[in-house]
Structures are given as C-alpha cells and as structure tokens.
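Survey of secondary and tertiary structure
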Amino acid sequence: MATIGLAEEEGPFANEIEARQGLMVYRAINIGTLAAMAKGEAEYDAAKAATAANALLASANLDVSMLWPPGSDNAANPDSTASAAIWADGSDIGAKAGAFKAAAEAMAAAAGTDLASLQGAMGDLGGSCGGCHKAFRVPTN
Amino acid sequence: MRRIFRATLVFALIAAAGGWWLSAPSRLPASALDGISGNATRGEKIFWAGGCASCHADPDAEGDDKLKLAGGQRFPSPFGTFIAPNISPDPENGVGGWSALDLANAMTRGTSPEGEHYYPVFPYTSYIKASLQDVADLHAFLMTLPPVATPSAPHEVSFPFNIRRSLFGWKFLYLKSDWVLAGDLTPEEERGRYLVEALGHCGECHTPRTALGGMDRGRWLSGGPVPAGQGRFPNITPAKLTWSAEEIAEYLKSGFTPDFDSAGGHMALVVENMAHLSPEDRAAIAAYLQKVPPVE
C-alpha cells in the first residue's frame, strides 16, 4: 500500500484505491476506539464513544461510488485487495454496504448511552465489516 | 498436448513411486474403534475445530444453515475442479449409512467405504493426526444434523487424475502421521499443536506446496500462492506474524487484526469456526504459532 502521497502513486486506479483504503482505515480507527471500550481495555467515555460511532455512520453515508470504478480490483493493481466479485453479476456488495450502514446507525444510537448498549451493538457492527471482507477481498501478504 | 504429456509423466512418476501393483488402499484395523463410543456434544466442538462446514456447507450460510452439509462448493486446482460431496446424514445422498469406522477411514486414511482413495483436497493429510475418540465423537454429532437430499456432484477432473488408484503413491509420499513441531512442548503448546496440525488443518492453506502438491513441511506455515486463485496465503510463522498471543487469539475469535482490519476470504470462514472454540483452545493455538520455527 502506498502511504506517501500522490507523487508516489503508481498503477491503474492508484488514487481511487488509496482513497478508499484511507476511508477503510478511518473506519478501522473508529471501530478500534469502540472495541477497546467494549472489551474493557479502555475506560468507557460516552463522548468519545459517540464521536467514534458518528464518524462510522458518516463514513457509511458518504457517496463513495467514484472510488470503485469497475476493473479496479487486485488483478489490475496488486496494491488493492478488492476482489473482482464486487463488480460481477449477482454481486450483493450493496446489501453488504447496507448491513454496515444499519449496524452503524444502531451503534450511533447506542454508543453514547452506556457501556452495555455499546457492547450490545458491537457484534453486528464488527460482523458487518467482516461480512463484506469475507465476500469481497482477496488475500495479499 | 505438451501439458497432457507432462501430466501423464507426473502420473507415471506417482504410480511408480507407490508401485501401481501395490496400490491397495490402507485402512484402519476393523477393531480400531472397539471400546470407543461417540458423544455428540463433544463432537460439536470437533466439528468446529475441524472446519467441516467451511467446505461442506454453502460458504455464505449463516447460523444453523452451516449445519446443512449438502456439499457443492467448488475447489479449483491445477488438476481440475473438485466439488465437495454431501456429508449430511441423508442415507441416499449423504453419509447416513456410515459407521464411525467408515468416517475414521475416510478422515484419517483417505479411504472410502468402497476402498477407494480420496483426493487430498479433503484434508486427510492433517486429519490423520486426529484421535479416534474425536472422530467417533464427530461421527455421533454428524448423525444429529439435518439430512439434505441433494446428490453429490462428480468432480471435474480429467485423465489421468480421475483415476483414484493413482493417489496411492501420493499418499505414500505425503500421508504422514508424525508431528511437524517435535521437541519439548508445554501442555498448552501440545494442545495448540493438535488443533493446528490435526483438526484445524491450518497447514493446508498456510504451508507452501511441493511440485507434486504435498505440504512442504520444511517451510511449515510460511505461506504461498492461492492455487488457481488470486492473492497469497500469509506466512504465519513468527518471522512475519509478530502479534502477541492475545492478539492472535482475538483475531481467531473476532477476525479483527491489531489494526482493526478484519479477516477476508477463506480465513473469514476459519474464524467463524474458531469462534466456537473455548478461549483456552484459541490461546493454545496462539501459543503454538509463537513456537513454530520462523521462516522468512
């Protein structure tokens, strides 16, 4: 993954790939904040939890269609871990994105309430990230 | 044409290595399970540790649908496409009529009730290390699952690989029951070794293959290309997997890496299985992974 900036970009769709990966890392940072509280590794802080949950929901509501041009998969550019299945006939990537959005809405309603509510919303939210990755990413290490 | 010739050559080599005339499948003695009775409750843990649903259920199945073992999942390989059979307890289309010994011969010897060799895409090269008590428990559990009436589809494998007898030589070379990680281990590491090397069959994906398609034990768990697919299986020896034991155990439970990326592809299915294990078993797997020799 290129992390240095636009000048270092290479390969087809390099900017789109970098932008969507950045958006994913943004999600990872925010779910990390929530998970640390859920597991008791960090103290529950209602304001911080609400900020993280709202950031996740905002990311779910962004129009990201321009970041996923057809053909911008791992076969075209090895910097991406996106699978060609995203664009294949019968792809249910929209449903997977919808499941993430629904889980992010539930978390946004729960996170600032109390720790138990946050913990209750955690499973669906984490599962919605994993559900899409299971279907639509290829392993590259 | 040249490809066909090469394939035939490999086949001839395999047959020669094993001795075509000798290729009577190996089986357990008929008395192997005497005095062992299966317990379905314990068998459920073995089922998840062994990852049977990842291949024999629909990969998109969730919840109880993972217990419908109708088969149908396709496994492309350089030798053709293998299709997972129905292993639900349906007497016509599945394994409803099988004894625990039949299952033990299939899982630990790669041999069918009719005496034919299975293809190693069914990971019996790992399950050979499973205890017969665990196999009997698993048999008891499988028989409690819903029967599904879908017939098994034939494999799409061409000559000469469609000749099951040719697998004898392969088994002779690669069907090994000794541990890869030998030496002094703590009880926790031994438990982890059992879960990784036997039931979890982690090496089947994470260990690179030799030219004939066997696991290269000298480069155990060091990763390699995905056969006939995109991407690579990661190296999970300590040379590359530098996470703490707690972080490894968490990944196996939730799929989240220390950076909150989450497992994709086939590993997501493995995580769905590992989530059913006890925290002690996941910790044991982590302890074992930290003990295997680092391979760059």
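Residue indices follow the written sequence of each chain, beginning from 1 at its first position. Working convention: letters from A go to chains and numbers from 1 go to ligands, in the order in which they are written. Local features in this predicted model are restricted to residues of pLDDT 70 or higher, and side-chain atom pairs are both shown and tallied only at a pLDDT of 80 or more, whereas totals for entire chains, interfaces and linings draw on every residue. Remark: hydrogens and water are excluded; side-chain values derive from all non-hydrogen atoms of the structure.

1. Regarding the pairing of strand 1 (residues 74–77) of chain B
Residues and elements named next belong to chain B. Basically, it comes down to this: Residue burial is assigned from relative accessible area. The probe radius is 1.4 Å, only protein chains are included, and a residue is buried under 20% of its type maximum, exposed over 50%, and partly exposed in between. Helix and strand assignments follow DSSP, with helices taken as H or I runs no shorter than four residues and strands as E runs no shorter than two, numbered in order from the N terminus. Two strands form a pair only when DSSP identifies at least two bridges running between them.
Where burial is concerned, the two faces of strand 1 differ: the one with Phe75 and Ser77 is buried and the one with Arg74 and Pro76 is not. Across 4 bridges, the pairing between strand 1 and strand 2 (residues 80–83) is antiparallel. Each bridged residue has a counterpart across the sheet, and for Ser77 the counterpart in strand 2 is Gly80. Counting the residues that bridge the hairpin from strand 1 to strand 2 gives 2 residues.

2. Quick word on the pattern of salt bridges
Note the threshold: The term salt bridge refers to a pairing of a side-chain nitrogen on Lys or Arg with a carboxyl oxygen on Asp or Glu at a separation within 4 Å.
By the definition in use, this model includes 17 salt bridges over all chains. The closest approach of N and O atoms between Glu189 of chain B and Lys291 of chain B, which form a salt bridge, is 3.7 Å. Of this pair, Glu189 of chain B sits in helix 8 (residues 187–199) while Lys291 of chain B sits in helix 12 (residues 279–291), and the two are 102 residues apart along the sequence. A residue is classified by how much of its surface remains accessible, and Glu189 of chain B, at 13% relative accessible area, is buried. The partner of Arg209 of chain B in a salt bridge is Glu204 of chain B, and the shortest N-O contact between them spans 3.2 Å. For Arg209 of chain B, a relative accessible area of 36% gives the class partly exposed. Using a relative accessible area of 12% as the deciding quantity, one classes Glu204 of chain B as buried. If you follow the salt bridges from partner to partner, you end up with Lys39 and Glu41 of chain A together with Glu250 of chain B in one network.

3. Quick notes on the interface of chain B and chain A
In plain terms, the rule: Pairs of residues are marked as contacts when any of their non-hydrogen atoms sit within 4.5 Å. Any pair of nitrogen or oxygen atoms within 3.5 Å is treated as a polar contact; in protein, a donor-acceptor pairing is required on top of that, and neighbouring residues in sequence qualify only through side-chain atoms on both sides. Charged means Asp, Glu, Lys or Arg here, nonpolar means Ala, Val, Leu, Ile, Met, Phe, Trp, Tyr, Cys or Pro, and polar covers whatever is left, Gly included.
Each partner contributes residues to the interface: chain B has 19 residues there, and chain A has 20 residues. On inspection of chain B and its partner chain A, the count reaches 3 salt bridges. For the pair chain B and chain A, the number of links is 4 residue pairs in polar contact (both at pLDDT 80 or more). A per-element tally of the side of chain B that touches chain A places helix 11 (residues 265–274) of chain B first, with 4 residues. Across the side of chain B that touches chain A, the residue classes tally to 8 nonpolar, 5 polar and 6 charged.

4. Side note on the packing of aromatic side chains
Residues and elements named next belong to chain B. Rules: Stacked, tilted and edge-to-face pairs are distinguished by plane angle, under 30 degrees for stacked and over 60 for edge-to-face with tilted covering the rest, among Phe, Tyr and Trp rings (Trp via its six-membered ring) whose centres lie within 6.5 Å. Note on criteria: charge over ring means Lys NZ or Arg CZ within 6 Å of the ring centre, with the direction from the centre no more than 35 degrees off the ring normal.
Applying the stated criterion across every chain yields a total of 8 aromatic pairs over all chains. Geometrically, the ring pair formed by Phe122 and Tyr124 is edge-to-face, given 6.1 Å between the ring centres and 80° between the ring planes. Exposure remark for Phe122: the relative accessible area of 22% places this residue in the partly exposed category. Classification of Tyr124 as buried rests on a relative accessible area of 0%. One Lys or Arg, Lys171, reaches over the ring of Tyr124 and ends 5.6 Å from the middle of that ring.

5. Description of the environment of Leu252 of chain B
Position of Leu252 of chain B among the secondary structure elements: in helix 10 (residues 245–254). Ignoring any residue separated from it by four or fewer positions in sequence, one finds Leu252 of chain B in contact with Met267, Val271, Met274, Ala275, Arg282 and Ile285 of chain B.

6. So, helix 4 (residues 115–136) of chain A
Quick reminder of the rule: By definition here, a helix of n residues has an expected span of 1.5 Å times n minus one. Two axes enter the definition of the bend at a residue: one is fitted to the seven residues ending there, the other to the seven starting there, and the bend is the angle between them.
Between its terminal C-alpha atoms helix 4 of chain A stretches 32 Å, which fits the 32 Å expected from 22 residues at 1.5 Å a residue. At Met122 of chain A, helix 4 of chain A shows its maximal kink, close to 35°. In this structure, the buried residues of helix 4 of chain A make contact with helix 1 (14–38), helix 2 (46–61) and helix 3 (93–110) of chain A together with helix 11 of chain B. Where helix 4 of chain A starts, the residue carrying a side-chain oxygen 3.3 Å from the main-chain nitrogen of Ala116 of chain A turns out to be Asp114 of chain A.

7. Structural notes on the domain arrangement of chain B
Residue and element names in this part refer to chain B. Put simply, the rule reads: Note that domain bounds follow an automatic or database assignment of domains. Buried area is understood as the total, over both parts, of accessible area removed when two parts are fitted together, assessed with a 1.4 Å probe.
What the domain assignment lists for chain B is domain 1 (32–177) and domain 2 (180–296). Computed over C-alpha atoms only, the centres of domain 1 and domain 2 are separated by 21 Å. Across the domain 1 to domain 2 interface the summed buried area is about 2,200 Å²; carbon plus sulfur atoms make up 58%. Scanning the region where domain 1 abuts domain 2 turns up 2 salt bridges. Residue Glu197 pairs with Lys129 through a salt bridge whose shortest N-O separation is 3.0 Å. For the pair domain 1 and domain 2, the interface holds 13 residue pairs in polar contact (both at pLDDT 80 or more). Looking at the side of domain 1 that touches domain 2, the elements with two or more residues in it are helix 2 (40–50), strand 1, helix 5 (124–127) and helix 7 (167–174). Counting residues per element, the side of domain 1 that touches domain 2 draws most heavily on helix 2, which supplies 5 residues. Residues that form the side of domain 1 that touches domain 2 fall into these classes: 12 nonpolar, 8 polar and 5 charged.

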